[in-house]
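Geometric and topological summary
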Amino acid sequence: MDRKSSAGRLLLVAAVLVVTTVGAGGLALAGKAGERSAEKPDGCAQPDRRIQLYAVELPRDPVTGQIRLGYGSTPDTASYPGPTMEMIEGECLAITLHNQVPEATLAQLRVAPEHPLGVSLHVHGVKYTQLSDGTVHSGSYVPPGQSRTYTWYAKPRSAATGSQGTAGYWWYHDHVVGGPHGTQGLGAGLFGGLVVRRQGDTRPDRTYVTAFGDRQTINLRRSPEADTCDHMNPQPGPTCLMAKVGERIEFIVIGLGNELHTFHIHGHSWADTRTGMVEGNSKPLVDSIPVIDNKSLGPGDSFGVQIIAGDSVGPGHWMLHCHMQFHSDAGMYTTLHVIEG
Amino acid sequence: MDRKSSAGRLLLVAAVLVVTTVGAGGLALAGKAGERSAEKPDGCAQPDRRIQLYAVELPRDPVTGQIRLGYGSTPDTASYPGPTMEMIEGECLAITLHNQVPEATLAQLRVAPEHPLGVSLHVHGVKYTQLSDGTVHSGSYVPPGQSRTYTWYAKPRSAATGSQGTAGYWWYHDHVVGGPHGTQGLGAGLFGGLVVRRQGDTRPDRTYVTAFGDRQTINLRRSPEADTCDHMNPQPGPTCLMAKVGERIEFIVIGLGNELHTFHIHGHSWADTRTGMVEGNSKPLVDSIPVIDNKSLGPGDSFGVQIIAGDSVGPGHWMLHCHMQFHSDAGMYTTLHVIEG
Amino acid sequence: MDRKSSAGRLLLVAAVLVVTTVGAGGLALAGKAGERSAEKPDGCAQPDRRIQLYAVELPRDPVTGQIRLGYGSTPDTASYPGPTMEMIEGECLAITLHNQVPEATLAQLRVAPEHPLGVSLHVHGVKYTQLSDGTVHSGSYVPPGQSRTYTWYAKPRSAATGSQGTAGYWWYHDHVVGGPHGTQGLGAGLFGGLVVRRQGDTRPDRTYVTAFGDRQTINLRRSPEADTCDHMNPQPGPTCLMAKVGERIEFIVIGLGNELHTFHIHGHSWADTRTGMVEGNSKPLVDSIPVIDNKSLGPGDSFGVQIIAGDSVGPGHWMLHCHMQFHSDAGMYTTLHVIEG
């Protein structure tokens, strides 16, 4: 209570005219007009784009019977993971989240009776004010049947301001369902990938999200039985990772839940950089960068891996798995199907 | 025994005149005079600075009743974490540790009767000889009521010698209390942060230590109840993380104990570099460096995160937590209070 | 079955003439002749070198009584870890694996009766086709008493093709014994280190493999009792880590099994780069690279650490351990014995 109300007061204070500068970092924190908004992060005068996002209940997990929720651009297309978002540095995005999850379902997921019912949108990496934090203490969540607009700003890198930018491989998720950290919302499926590109970044031919989570799951699914690929004519999707030889594909790799996992692909490797590729041709840089084919991630971590499908190794059913042995033995693996173009 | 005595012999050997050079690395290992000291690492002829450090017993943990120990510049100011140490590359520091922890307390923490009673000072990242290792087998610990001087050398980076320097975010801790790895000393509070800066590094406005440890604790404390901030007029300290909008703050993040944790702050991100900032303006470098807002750390890991408080996002009560869901649900989170300057 | 047969068909398709290019990445995936082979990765027309590798059963673990298997260049020299492989970028290596492990032993390790009996060779980091994948579904394993040749290609970095190369610290291991992920083969000792160097890399004076695995083991051994060093005259080997002051030594650090571990050495640190050293002298690069002395690794991870033994700190018995406290307390530590040259 005290926390929440004082947060309100702080944000009120924040709404007045301020011009702040830091000698040290040489950063100008005020917006162009020197005006700070409680709704929009500095640098985002107006959203460049507006989209709708729906939180809905989906059929229960066919294997475990657990409740499943999903985000979707429309209620009918909601899924877990939710739609993959893409932004470019400099862009400001307004997302209106509509909570269509039945109140009874939210009540069922609640771990404490005093905890409010609602869903939210919390995002990693990009900029947002407290009003877009997607948390209970900031009051930035959506009660059942209601809507709320969240504003994300992909702040660009700028040598002038010292900003290092927001380009990267991120994710968004609920932070409210069940408890103050959204553990039940996350566990039910309210998460998705976000990639922020930098001007000049090479676009991949395909993008896949692989969220490594509890119970030895990838995208909340376990074992190759979850792989829906027709081996003769695979159709790409969250349960069918496929590519043609030579295509540049990227994975948005996300860590969920309570455990350590590792992301490993057979036959392919990547540079441990922002994109998985080595940019430019600076010898000291290139010689310093590790190239890897297995990367550990804890809950909340996310990174991007870009590879050229079948590069030098050709087509095949390449295993993609967690290298924690008991996890892969329990079914925490799928296949990257690389076919001739 | 054999190990310890032979260590003694080795160090005796080490005390004689030697001039060693490595063709490969081009490193000159001998000091200016070509003399190697058993007490002081090569490059540290004389300490540039001498400080006192006291290990004392503190009141038991108010919640768990566990024994608490702390390091302090004076016995009265001992705390957990201990005082944050700061060095600059090239500096040599002599620290005299006074063991004022009651012998009975050390005996209580001891896991094996034959294990010696004492406390020590083991440090990460900087250079020290075996006599400053802070371990049992090297005999470099402090029995109850006694004192011992440890010498740390922040070896500078040098293209000439090939030394990559010691600038970084490190920590120091006991390595003797209870057993040969100091597990009981660490668990009781005998640890602190160390930052070694490089000539030209920008100084932050504030520095905080956040040690992520067992039982879902940050600095051995759990849940927001440990947060002592007055929300209207927060006073900075180990249990009150606050900053004014635009201030450059740094966190020395430390992993303790037995578990994986992740360090996550809402609304803020950093570059995965030595300082958390991107230095210089080399495009290939800048484009290669990942910017992150969540970083996994295992026990013993430490890293630094520099951020500009409220940059673009403004003031607010920004959550700082472990993203392992059951950890945050159990109270492994605190708040970075960002207020208007 | 279906998976395997369709893999077969895919590889058949792969054998025909193809010339594939990617506009995006500017990569030419076809070999010089534009011919893709099912046996050899693009770029490897003919192996530059051919070696033999034997998989054999070794005496059971003296402490736990567990079955032990090893790879060796000859049956008599098999060990765990297996022989450390070294390649240089551009090299193509053909390894003929002879399975001399008794069928009864493999049957004993099998977790499901329908699982085939055999051993295999799966490698990280370098390039290989599905026929050298070392997995069951690709049929690339070796039944008892039989042999099979695996082809590895250390694809070189090339600015022209955009290839980032394969130089790095990798490992190889069985992927078939017991189950489809080789968990029982790995646990029994079928693994080894691989280092791929880049033209111009400085060669170390000594190389050691330290595989951090389950049951608090390093190279499947636990506690200093496993250390066979004569402290007065240490002979280097997998159970005796020693170096002379000033020698450049490297560790190939591997994560095995099911747990998080951290690699920590007393008195020494390294740059978190491909080699552990900072290459070149680019100030922004150098200032960005973290220098560390403790690194977390999950199963499947591998990295290289190059250090100058005793640099500035002199000789001594330097602890090398997992910093997870209960692991080091349980004996997950050894010693790097640094003696005068």
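Bear in mind the structure is a predicted one, so any value in this text is a computation, not a measurement. (Residues numbered from 1 in each chain as written. Chains lettered and ligands numbered in written order. Predicted model: local features only at pLDDT ≥ 70, side-chain atom pairs only at ≥ 80, totals over all residues. Heavy atoms only, no water.)

With respect to the overall build of chain A
Rules: We count a stretch as a helix when DSSP gives it H or I for four or more residues in a row; a strand needs E for two or more, and each element gets its number in order from the N terminus. When a residue's accessible area, from a 1.4 Å probe over protein chains only, is under 20% of the maximum for its type it is buried; when over 50% it is exposed; and in between it is partly exposed. Computed with the Shrake-Rupley method and a 1.4 Å probe, the accessible areas treat only the protein chains shown as cover for residues.
Across its full length, chain A holds five helices and 21 strands. The burial tally for chain A puts 65% of its 341 residues in the buried class. Here chain A has roughly 11100 Å² of accessible surface; of this, 53% comes from carbon and sulfur atoms.

Some points on the UniProt feature "domain: Plastocyanin-like" (unreviewed entry) in chain A
Filter applied, for reference: UniProt positions are given in the numbering used here, feature names are shortened, and annotations may be inferred rather than shown by experiment.
Mapped onto the present numbering, the UniProt feature "domain: Plastocyanin-like" (unreviewed entry) falls at residues 79–199 and 220–338 of chain A. Between the C-alpha atoms that bound residues 79–199 of chain A there is a distance of 30 Å. The span itself is 11% helix and 31% strand.

Here's the deal with the relation of the copies chain B and chain C
What counts, and what does not: We place the copies in one frame by least squares, fitting the C-alpha atoms of every residue whose pLDDT is at least 70 in both. When checking whether two residues touch, look at their non-hydrogen atoms; a contact exists if any pair is within 4.5 Å.
Expressed as a screw operation, the relation of chain B to chain C combines 0.0 Å of axial shift with a rotation of 120°, fitting to an RMSD of 0.0 Å. The superposition operator between the copies reduces to a three-fold rotation axis. Considering only C-alpha atoms, the part of chain B nearest the rotation axis is L285 of chain B, at 3.9 Å. When the interface residues of chain B are mapped onto chain C, a mere 7% of them again fall at the interface, so the copies present different faces.

Digging into the state of the cysteines
Residues and elements named next belong to chain C. Where we set the bar: By disulfide we mean two sulfur atoms from cysteines, separated by a distance within 2.5 Å.
Enumeration according to the criterion identifies six disulfides over all chains in this entry. Each sulfur in the disulfide pair C44 and C92 lies 2.0 Å from the other. The chirality of the disulfide connecting C44 with C92 is left-handed, given an S-S dihedral of about -70°. Placement of C44 in the loop between helix 1 (2–14) and strand 1 (49–58) and of C92 in strand 4 (residues 92–99) is noted, with a sequence separation of 48 residues between them. You can call C44 buried: its relative accessible area is 6%. What makes C92 buried here is its relative accessible area of 1%. Covalently, C229 is tied to C240 through a disulfide, its sulfur atoms 1.9 Å apart.

A short note on the interface of chain B and chain A
Filter applied, for reference: Put simply, buried area is how much 1.4 Å-probe accessible surface two parts lose in total, over both of them, once they are put together. Within this document, salt bridges are pairs made up of a side-chain nitrogen of Lys or Arg and a carboxyl oxygen of Asp or Glu, the two lying within 4 Å of each other. Counting of polar contacts relies on pairs of N or O atoms within 3.5 Å, with two restrictions inside protein: one atom must be capable of donating a hydrogen and the other of accepting it, and residues adjacent in sequence are counted only when both atoms are side-chain atoms. Residues are grouped as follows: Ala, Val, Leu, Ile, Met, Phe, Trp, Tyr, Cys and Pro are nonpolar; Asp, Glu, Lys and Arg are charged; every other residue, Gly included, is polar.
At the interface, 60 residues of chain B touch 60 residues of chain A. Of all residues in chain B, S312, H317 and Q325 of chain B give up the largest surface area on contact with chain A, accounting jointly for 14% of the area buried on that side. With a closest N to O distance of 2.9 Å, R198 of chain A and D287 of chain B form a salt bridge. Linking chain B with chain A are 29 residue pairs in polar contact (both at pLDDT 80 or more). Going through the elements one at a time, strand 15 (261–265), strand 16 (270–271), helix 4 (283–288), strand 17 (291–292), strand 18 (294–297), strand 20 (316–321), helix 5 (325–329) and strand 21 (333–339) of chain B are the ones with two or more residues in the side of chain B that touches chain A. By residue class, the composition of the side of chain B that touches chain A is 26 nonpolar, 24 polar and ten charged.

Examining the interface of chain B and chain C
Across the contact, 60 residues belong to chain B and 59 residues belong to chain C. Summed over both partners, the interface of chain B with chain C comes to about 4700 Å²; 55% of that surface belongs to carbon and sulfur atoms. Counting across the chain B and chain C interface gives three salt bridges. A salt bridge links R274 of chain B to D287 of chain C; its shortest N-O distance comes to 4.0 Å. The tally of links from chain B across to chain C stands at 30 residue pairs in polar contact (both at pLDDT 80 or more). At the level of secondary structure, the elements contributing two or more residues to the side of chain B that touches chain C comprise helix 1 (2–14), strand 9 (168–173) and helix 3 (183–188) of chain B. In terms of residue count, the dominant contributor to the side of chain B that touches chain C is helix 1 of chain B (nine residues).

Let's talk about the relation of the copies chain B and chain A
Superposing chain B onto chain A requires a rotation of 120° together with a translation of 0.0 Å along the rotation axis, leaving an RMSD of 0.0 Å. Little of the interface of chain B is mirrored in chain A, where only 7% of its interface residues are also at the interface.

Considering the side chain of S120 of chain A
Residues and elements named next belong to chain A. The residue S120 is located in the loop between helix 2 (103–109) and strand 5 (122–123) in this model. Residue S120 is classed as buried on the basis of its relative accessible area of 0%. For S120, the side chain forms a polar contact with the main-chain oxygen of G134, separated by 2.6 Å. With residues up to four places along the chain from it excluded, the contact list for S120 reads Y71, L97, G134, S140, Y141, Y150, H173, D174, H175 and V176.

A few points about the confidence of the model for chain A
Residue and element names in this part refer to chain A. To be explicit about the condition: The quantity called pLDDT is the predictor's confidence in a given residue, expressed from 0 to 100.
Residues at a pLDDT of 70 or more form 90% of chain A, whose mean pLDDT is 89. Throughout residues 1–34 the model reports pLDDT below 50, and contacts reaching past four residues in sequence, or to other chains, amount to 70 contacts. Predicted complex, confidence summary: ipTM 0.89, pTM 0.90.

Quick notes on the pairing of strand 21 (residues 333–339) of chain C
Residue and element names in this part refer to chain C. So the rule is basically this: By the convention used here, strands pair only if DSSP detects at least 2 bridges between them.
Of all seven residues in strand 21, seven are buried, a share of seventy percent or more. Alternating residues of strand 21 divide into Y333, T335, H337 and I339 and T334, L336 and V338, and every residue in both groups is buried. Pairing of strand 13 (residues 241–244) with strand 21, which is carried by four bridges, proceeds in the parallel orientation. When the sheet's bridge partners are listed, K244 is paired in strand 21 with I339.

Quick notes on the side chain of D301 of chain A
Take D301 of chain A: it is sitting in the loop between strand 18 (294–297) and strand 19 (302–308). Reaching out from D301 of chain A, the side chain makes a polar contact with the backbone nitrogen of G298 of chain A at a distance of 2.8 Å. Looking at D301 of chain A, its side chain comes within polar contact range of the side chain of S296 of chain B, at 2.4 Å. Those residues in contact with D301 of chain A, other than ones at most four positions away along the chain, are W171, V253, I254 and G255 of chain A together with N294, K295 and S296 of chain B.

Observations concerning the sheet that holds strand 2 (residues 68–72) of chain C
Residues and elements named next belong to chain C. Quick reminder of the rule: For every element, the axis is a line fit to its C-alpha atoms; helices are fit only across the contacting stretch, and the angle between N-to-C directions ranges from 0 to 180 degrees.
On the basis of which strands lie adjacent, the open sheet formed by four strands has the order 2-1-4-6 and mixed pairing. Each having just a single partner strand, strand 2 and strand 6 (147–153) make up the two edges of the open sheet. Mean inter-strand twist for the sheet, computed between neighbouring axes without regard to direction, equals 25°. Bridge count for strand 4 against strand 6 is seven bridges, and the pairing is antiparallel. Opposite L97, over in strand 6, you have R148 as the bridge partner.

Things to note about the nonpolar core
This is how it is decided: Remark: nonpolar core denotes a set of buried residues (Ala, Val, Leu, Ile, Met, Phe, Trp, Tyr, Cys) joined through side-chain atoms within 4.5 Å.
Formed by 186 residues in total, the largest nonpolar core has its most connected members in W152 and F251 of chain A, W152 and F251 of chain B together with W152 and F251 of chain C. Excluding residues that lie within four positions of it along the chain, F251 of chain B makes contacts with Y169, Y208, T210, L241, F263, I265, F303, G304, V305, I307, L320 and L336 of chain B.

Let's talk about the packing of aromatic side chains
The test is simple: Aromatic contacts are taken between Phe, Tyr and Trp rings whose centres are within 6.5 Å, Trp giving its six-membered ring; a plane angle under 30 degrees counts as stacked, one over 60 as edge-to-face, and the others as tilted.
In total, this model carries 24 aromatic pairs over all chains according to the counting rule given. Both rings, one in W152 of chain C and one in Y172 of chain C, keep their centres 6.1 Å apart while their planes meet at 45°; by these two values the pair is tilted. Of this pair, W152 of chain C sits in strand 6 while Y172 of chain C sits in strand 9 (residues 168–173); the two residues are 20 residues apart in sequence, bridging distant segments of the chain. The exposure classification of W152 of chain C matches that of Y172 of chain C, with both residues buried. By the ring-pair criterion, three or more aromatic residues cluster together here, those being Y208, F212, F251, F263, W270 and F303 of chain A.

Regarding the sheet that holds strand 5 of chain A
Residue and element names in this part refer to chain A. The four strands lie next to each other as 3-10-9-5, forming an open sheet whose pairing is mixed. In this open sheet, the two strands that pair with only one neighbour each are strand 3 (85–88) and strand 5. With four bridges joining them, strand 3 and strand 10 (residues 191–197) adopt parallel strand pairing. Of the residues in strand 10, the one forming a bridge with M87 is V196.

Some details on the pattern of salt bridges
Taken as a whole, this structure holds 39 salt bridges over all chains when the rule is applied. Here D311 of chain C makes a salt bridge to K155 of chain B, at a shortest N to O gap of 2.6 Å. Of the two residues, D311 of chain C sits in the loop between strand 19 (302–308) and strand 20 (316–321) while K155 of chain B sits in the loop between strand 6 (147–153) and strand 7 (157–158), which places them in two different chains. The exposure classification of D311 of chain C matches that of K155 of chain B, with both residues buried. When salt bridges that share partners are traced, they join E89, R198, D201 and R274 of chain A together with K283 and D287 of chain B into one network.

Topic: unusual backbone geometry
Following Y80 of chain A, the chain continues into P81 of chain A via a peptide bond in cis, with omega recorded as 0°. Here L220 of chain A, not a glycine, exhibits a phi torsion of approximately 65°, which is positive. Along the chain, the position of L220 of chain A falls in the loop between strand 12 (217–218) and strand 13 (241–244). A positive phi angle, close to 55°, is found at R215 of chain B, a residue other than glycine. Looking at the secondary structure, you find R215 of chain B in the loop between strand 11 (206–213) and strand 12 (217–218).

Topic: the environment of I254 of chain C
Residue and element names in this part refer to chain C. Tracing the sequence through the fold places I254 in strand 14 (residues 248–255). Of the residues examined, I254 reaches a relative accessible area of 0% and is grouped as buried. Along the backbone, I254 and M85 are 169 residues apart, and their C-alpha atoms lie at a distance of 14 Å. Leaving out residues up to four positions away in the same chain, I254 has contacts with W171, G192, G193, V209, T210, A211, F212, L297, D301 and S302.

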